[in-house]
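Here are the chains, one letter per residue:
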Amino acid sequence: MKNIYRSFSWIMLVGISLFSGFTANIDKHYHWESYSPYLSVKTFLLLALVLLILSLPEIIILFVERKKSIGGK
């Protein structure tokens, strides 16, 4: 594992999006109603976009360092 934060983030992203599709009725007790794959996919795409935006500075730094190392040789 090169970067544990990155791996853990993607694992949490999949877990959160998987469980976000469940709907429940919590009047007197928890009663699972249904599962919506559309809601899970929507949540996955939104969280993936947020994760990409948050990791954008690291990606830019990697591209700049790679360009310097290729140009310097």
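This write-up is about the structure you can find in this document. (Residues numbered from 1 in each chain as written. Predicted model: local features only at pLDDT ≥ 70, side-chain atom pairs only at ≥ 80, totals over all residues. Heavy atoms only, no water.)

Focus: the packing of aromatic side chains
Keep this limit in mind: Between 30 and 60 degrees the pair is tilted, below 30 it is stacked and above 60 it is edge-to-face, where a pair is any two Phe, Tyr or Trp rings, Trp via its six-membered ring, whose centres lie within 6.5 Å. Secondary structure elements are taken from DSSP: a helix is a run of H or I of four residues or more, a strand is a run of E of two residues or more, and numbering for both begins at the N terminus. Residue exposure (1.4 Å probe, protein chains only): buried if accessible area is under 20% of the type maximum, exposed if over 50%, otherwise partly exposed.
For the structure shown, the criterion picks out two aromatic pairs. Centroid distance F22 to Y35: 4.8 Å. Interplanar angle 55 degrees. Geometry classified as tilted. Of this pair, F22 sits in strand 1 (residues 22-25) while Y35 sits in strand 2 (residues 31-35), placing them 13 residues apart in sequence. Taking the relative accessible area as the measure of exposure, Y35 reaches 35% and is therefore partly exposed. In textbook terms, an aromatic cluster arises when at least three aromatic residues are bridged by ring pairs, as seen for F19, F22 and Y35.

Some thoughts on helix 2 (residues 37-54)
Condition: The span you would expect from a helix comes to 1.5 Å times its residue count less one. The arc under discussion is defined with respect to the helix axis, by the directions toward the C-beta atoms. In what follows, a contact means two residues having at least one pair of non-hydrogen atoms within 4.5 Å.
The end-to-end C-alpha distance of helix 2, which contains 18 residues, comes to 26 Å, matching closely the 26 Å that a straight helix rising 1.5 Å per residue would cover. Residues S40, T43, A48 and L51 constitute the buried set of helix 2. Looking down the long axis of helix 2, one finds its buried residues gathered within 135 degrees of arc, a one-sided arrangement. Within helix 2, the exposed residues directed more than 90 degrees away from the buried face are Y38, L45, L46 and I53. Looking at the packing, one finds that the buried side of helix 2 touches helix 1 (4-19) and strand 2.

Structural notes on the environment of N25
Along the polypeptide, N25 turns up in strand 1. Beyond its immediate stretch of four places on either side in the chain, N25 contacts Y30, H31 and E33.

A closer look at the packing of helix 1 against helix 2
Note the following rule: Fitted lines through C-alpha atoms give the axes, limited to the stretch in contact for helices. The angle between two N-to-C directions lies from 0 to 180 degrees. Working definition: roughly parallel below 35 degrees, roughly antiparallel above 145 degrees, roughly perpendicular at 65 to 115 degrees, and oblique for all remaining angles. Handedness of each helix crossing follows the sense of rotation of the near helix against the far helix: counterclockwise by less than a right angle gives left-handed, clockwise gives right-handed. Asp, Glu, Lys and Arg are counted as charged, while Ala, Val, Leu, Ile, Met, Phe, Trp, Tyr, Cys and Pro are counted as nonpolar; the rest, among them Gly, fall into the polar class.
Where helix 1 meets helix 2, the closest approach of the two axes is 8 Å, and the angle between their N-to-C directions is 155 degrees. When the axis of helix 1 is compared with that of helix 2, the two are roughly antiparallel. Both helix 1 and helix 2 take part in a crossing whose hand is right-handed. From helix 1, S9, W10, L13, V14, I16, S17 and L18 reach across to helix 2, where they touch S40, T43, F44, L47, A48 and L51. Of the residues that constitute the contact of helix 1 with helix 2, the class distribution is nine nonpolar, four polar and no charged.

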